[in-house]
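Chain by chain, the residues run as shown.
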Amino acid sequence: MHTTVGIIGGGPAGLLLARLLHNSGIDCVVLESRDRAYVEHRQRAGILEQSTVDVLRSSGAGERLDREGLVHDGIELRWDRKAHRIDFPSLTGGRRVWVYAQTEVCKDLIALQLKDGAPLLFEAQVLAVEGATANIKTGDRPVIRYTHEGQDKTLICDYVVGCDGFHGVARDAVPESIKKTYERVYPYSWFGILADVPPSSDELVYAHSPRGFALLSMRSPSVSRLYLQVPNGTDPADWSDERIWDELDARFAIDGDWTLERGPITSKGVLPMRSFVSEPMSYGRVFLAGDAAHIVPPTGAKGLNLAAADVIVLARAFANLKDTGSAELLDAYSDTCLKRVWRAEHFSYFMTSTLHTDPDQSAFETRLQISQLDRIASSPYAAAELAENYAGLHIG
Ligand SMILES: Cc1cc2nc3c(=O)[nH]c(=O)nc-3n(C[C@H](O)[C@H](O)[C@H](O)COP(=O)(O)OP(=O)(O)OC[C@H]3O[C@@H](n4cnc5c(N)ncnc54)[C@H](O)[C@@H]3O)c2cc1C
């Protein structure tokens, strides 16, 4: 099999790239190791930035998002038993975010792809990428080796895009001699639950508390998504439903009227927190996009949005190559994306380290966190810095 762009991974990055390439008349094939049900039900991100929503709409995948997505104009921060709202549109010139689960984004993109898009193979496990620097003028091409339906197969491509997440194989195509990785593993995890109960707030609530961080989020008007900071290695089985709700109650507590509504918990999981960047994001004819190249802790709601931003830049570069013959934008891909990636890395680190309690944290460091939160509440400039990063920077 031969294609122009071989895409490894059918998560949000791979699926959106395939849609954008299809709309530009560029042929591609997506190889996804898991089955369709797994990809469509993997609980992950839930917040879409304005530019992610814009690209889903313009690519034809925005219909259900417009019908079912919840528009949010701000978030609430809580600390010291008080609450402060950050209003995005007034601080960012009209930008806002949408609550629409990653599972739904994937379902919408898969449905479109299977209806009229390029081939999307589930249960196609990629083993290796070869020939990143192949000279196609002499007939050489990069090759993706994979297994499908019990057979070893090859996909010959003009270009390969690794959208295969943090544990994927595409990053191995970049030689160790030129690859630089930057990493921070945080000394705590998120314990996330889904509960069949209407969210107790119209907007997300981020709580700093002496007991650790908590986040109130939602998936729909009837499903709440809540997170607790827990020690690394926490076993969800050690937490009864009652203990979870009691702990959430304690961390969200403020002076004044507010009740955390409880309901049946339908899912529990623990998520380690990591910041990670692998540079460069391209080598020869191989490009990396999304979690394959970078990871952020979810506190800033940036992971899915960064994945979308990467493939917007990449799809534009492939379209430019097709229309003009110029590889200039493709050559600039890694540098263009890394500027945005590092900004998002910093913002995610800032949100994480400002709101969580490090197990070794001193009283001095806690006072710095409180001082920073007070500053955001009292200065429109500090609030605007948070709002602009949260609602999403313009794509370069
Ligand atoms: C619990 C949780 C909460 C999160 N919350 C948020 C949030 O609120 N906002 C936000 O923006 N982000 C959030 N994120 C991050 C976000 O989910 C990821 O950044 C996003 O999934 C990245 O998309 P991706 O397509 O790059 O990678 P992935 O979603 O990881 O997709 C990679 C795909 O490649 C496939 N694959 C892997 N290896 C191979 C192989 N060898 N061969 C073939 N296929 C392969 C995988 O099966 C997968 O489908 C969260 C993540 C988690 C885990």
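Residues numbered from 1 in each chain as written. Predicted model: local features only at pLDDT ≥ 70, side-chain atom pairs only at ≥ 80, totals over all residues.

1. Comments concerning the overall build of the chain
Point 1. Across its full length, the chain holds eleven helices and 19 strands.
Point 2. Relative to the globule expectation of 21 Å for 396 residues, the C-alpha radius of gyration of the chain, 22 Å, shows essentially globular dimensions.
Point 3. Taking the principal axes of the C-alpha coordinates as reference, the chain spans close to 70 × 40 × 40 Å.
Point 4. Within the chain, the fraction of its 396 residues that count as buried is 43%.
Point 5. Taking the intrachain contacts of the chain between residues at least 6 apart in sequence as the baseline, contacts between residues at least 24 apart amount to 73%. (Helix = DSSP H or I, 4+ residues; strand = E, 2+ residues; numbered from the N terminus. Rg over C-alpha atoms; globule rule 2.2 N^0.38 Å. Buried ≥ 20, exposed ≤ 12 C-beta atoms within 10 Å, placed from the backbone. Contact = placed C-beta atoms within 7 Å.)

2. Looking at the pairing of strand 11 (residues 151–162)
Regular strands place their side chains on alternate faces of the sheet.
Point 1. Bridging between strand 1 (residues 2–8) and strand 11 involves six bridges; their strand directions are parallel. Across the sheet, the residue bridging to Thr3 is Cys157, located in strand 11.
Point 2. Sheet analysis places strand 10 (residues 143–148) next to strand 11, joined by six bridges and oriented antiparallel. Looking across to strand 11, one finds that Ile144 is bridged to Leu155.
Point 3. In the sheet, strand 11 pairs with strand 18 (residues 286–288) via three bridges, with the strands oriented parallel. Paired with Val160 across the strands is Val286, a residue of strand 18. (Pairing = 2+ DSSP bridges.)

3. Notes on the site of the ligand
Point 1. Taken together, the neighbourhood of the ligand is formed by 35 residues, with Gly9, Gly11, Gly165, Gly290 and Gly303 sitting nearest.
Point 2. Of all the secondary structure elements, the ones that give two or more residues to the shell around the ligand are helix 1 (12–23), strand 9 (124–130) and helix 8 (303–324).
Point 3. Sort the elements by how many residues they give to the shell around the ligand and helix 8 lands first, with four residues.
Point 4. Residues of the shell around the ligand, tallied by class, amount to 15 nonpolar, 14 polar and six charged. (Near = placed C-beta within 6 Å. Nonpolar A, V, L, I, M, F, W, Y, C, P; charged D, E, K, R; others polar.)

4. Comments concerning the domain arrangement of the chain
Point 1. What the domain assignment lists for the chain is domain 1 (2–72 + 100–183 + 274–351) and domain 2 (185–273 + 358–391).
Point 2. Distance between the C-alpha centres of domain 1 and domain 2: 30 Å.
Point 3. Listed by partner, the interface residues are twelve residues for domain 1 and 15 residues for domain 2.
Point 4. The residue makeup of the side of domain 1 that touches domain 2, split by class, is four nonpolar, five polar and three charged. (Domains from an automatic or database assignment.)

5. Remarks on the packing of helix 8 against helix 9 (residues 328–355)
Point 1. Close contact between helix 8 and helix 9 brings their axes to 10 Å; oriented N to C, the two are set at 165°. The angle between helix 8 and helix 9 places the two elements in the roughly antiparallel class. Between helix 8 and helix 9 lies a crossing whose hand is right-handed. Across from Leu306, Ala309, Asp310, Val313, Leu314, Arg316, Ala317, Asn320 and Leu321 in helix 8, the residues of helix 9 making contact are Leu329, Leu330, Tyr333, Thr336, Cys337, Arg340, Val341 and Ala344.
Point 2. Across the contact of helix 8 with helix 9, the residue classes tally to twelve nonpolar, two polar and three charged. (Axes fitted to C-alpha atoms, helices over the stretch in contact; angles between N-to-C directions. Parallel < 35°, antiparallel > 145°, perpendicular 65-115°, else oblique. Left-handed = near helix turned anticlockwise from the far one by under 90°.)

6. What about the sheet that holds strand 4 (residues 70–72)?
Point 1. The strand order across the open sheet built from three strands is 3-7-4, with neighbouring strands paired in antiparallel fashion. Either end of the sheet is taken by a strand with one partner, and the two such strands are strand 3 (47–49) and strand 4. On average, each strand axis in the sheet is tilted by 30° relative to the strand beside it, whichever way the strands run.
Point 2. Across three bridges, strand 3 lies against strand 7 (residues 97–99) in antiparallel orientation. In the strand pairing of strand 7, Glu49 is matched with Val97.
Point 3. Sitting on the sheet, helix 3 (residues 50–58) touches strand 3 and strand 7, and the angle it makes with strand 3 is about 80°.

7. Some words on the pairing of strand 15 (residues 223–230)
Point 1. Counting buried residues along strand 15, seven of its eight residues qualify, which places the element largely inside the surrounding structure.
Point 2. Pairing geometry for strand 12 (residues 180–195) and strand 15, over seven bridges, is antiparallel. Residue pairing across strands places Gly192 opposite Tyr227, the latter belonging to strand 15.
Point 3. Between the end of strand 14 (residues 214–220) and the start of strand 15, which pair antiparallel, lie two residues.

8. A short note on the sheet that holds strand 6 (residues 82–87)
Strand pairing in a sheet is mediated by backbone hydrogen bonds. Such pairs are either parallel or antiparallel.
Point 1. As summarised here, the arrangement of the eight strands in space is 6-5-13-14-15-12-16-19, forming an open sheet in which the pairing is mixed. Taken across any chain shown, the strands that pair with only one partner, and hence form the sheet edges, are strand 6 and strand 19 (294–295).
Point 2. In terms of strand pairing, strand 14 meets strand 15 through six bridges, oriented antiparallel. Within the sheet, the bridge partner assigned to Met218 lies in strand 15 and is Ser224.

9. Looking at helix 9
Point 1. Given a rise of 1.5 Å per residue, 28 residues ought to cover 40 Å, and the 41 Å separating the end C-alpha atoms of helix 9 matches this to within 8%.
Point 2. The sharpest bend along helix 9 reaches about 40° and sits at Ser334. (Expected span 1.5 Å × (residues − 1). Bend = angle between axes of the 7 residues up to and from the residue.)

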